[in-house]
Structure formats: structure tokens, C-alpha cells
Amino acid sequence: MKTLRDIALAGKKVLVRVDFNVPMNEAGEITDDLRIKTVLPTLQYLLAQKARVILCTHMGRPKGQLVEKYSLAPIAAYTAKLLGQPVPLAADCIGPEVAAAVESLKDGEILMLENLRYHPQEEQNDPEFSRQ
């Protein structure tokens, strides 16, 4: 079975589906970061190999609506702190602006897409949404 170590990753876009649906307090602070810390070795490896990393995840159950308390902004900031490099947050997870942000990534950079569940198609497992 092939693993990441068997693939030449430099310059390749790597979409990583992570589970960063972490508990947060009312002030928007992460209260348990285990899910983020668990994936750090993989992210560090991808970045060290000069991959262009795109993170996608969800937070809470906003039922297809943009609900500010479910924004991934605190998660992106926390992940940046742990990685020691910027983790910009795209304003959405699909669309031309997101595509442009992905295309502008340089080798060894990372981008987090905004909450997938802001779109009802995510929970419906919509294939067109997945393609985007």
C-alpha cells in the first residue's frame, strides 16, 4: 500500500479532509486541541515536502447557513500557531475566489477552507459540491 512517503509531493495540491470540529468555549477559545494536534505530523510532512496544502473541515451544525460562531477563523489561527506559519482562511469552501486562493498557493503553503457545513450540499453528500 502506498503512503504519502511514496509520492513526490513538491508543487502538488493536496486536499486534506480533517476533523477539526473541536470544542470551544463561549469566548471562541479551543478547549480541547487533540484533533488538531493529531494531524500535525501529517501537515508538517506535507509542508516540508513543499506540497500546496488545502484543509477542509466542518464545525458544528449550522444547517447550511452562515453562522458566525461556527467560523473556522479560530481554528485556522490556532493551527497557524502550532505549525509556526500562516494558515489563511478562505472566505468560503467553493467558488471562484476560493479557486483563485488555491491557485495562488506556493510550494510549502497551506490554506484552510471555511466551514463545509455552511452549504447544505455537504451533509447531502452532493457529488457536484464535492467536485467544486
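Residues numbered from 1 in each chain as written. Predicted model: local features only at pLDDT ≥ 70, side-chain atom pairs only at ≥ 80, totals over all residues. Heavy atoms only, no water.

S.K.: What should I look at first to understand helix α2 (residues 73–83) in this one?
M.R.: Residues spaced three or four apart along an α-helix point in a common direction, a consequence of the helix completing one turn every 3.6 residues. Burial in α2 covers these residues: I75, A76, Y78, T79, A80 and L83. G84 lies just past α2 and shows a positive phi near 75°. (Buried < 20%, exposed > 50% of the residue type's maximum accessible area, 1.4 Å probe, protein only. Helix = DSSP H or I, 4+ residues; strand = E, 2+ residues; numbered from the N terminus.)

S.K.: Help me understand the pattern of salt bridges in this model?
M.R.: A pair can form between side chains of opposite charge whenever their charged atoms are brought close. Scanning the model with the defined rule gives four salt bridges in all. For K13, the salt bridge goes to E103, with nearest N and O atoms at 2.7 Å. Taken together, the residues span a long stretch of sequence, with K13 in strand β1 (residues 13–17) and E103 in helix α3 (residues 96–103) at a distance of 90 residues. By relative accessible area, K13 is classed as partly exposed at 44%. Its relative accessible area of 52% is what places E103 among the exposed residues. (Salt bridge = Lys/Arg side-chain N within 4 Å of Asp/Glu carboxyl O.)

S.K.: Looking at this structure, I do not really get the sheet that holds strand β2 (residues 52–56). What am I missing?
M.R.: Strands in a sheet are paired, the pairing made by backbone hydrogen bonds, and the direction either parallel or antiparallel. An order of β1-β2-β3 is seen for the three strands of this open sheet, with the pairing classed as parallel. At either end of the open sheet lies a strand with only one pairing partner, and these are β1 and β3 (110–112). Each neighbouring strand pair of the sheet contributes to a mean axis angle of 20°, computed without reference to strand direction. (Pairing = 2+ DSSP bridges. Axes fitted to C-alpha atoms, helices over the stretch in contact; angles between N-to-C directions.)

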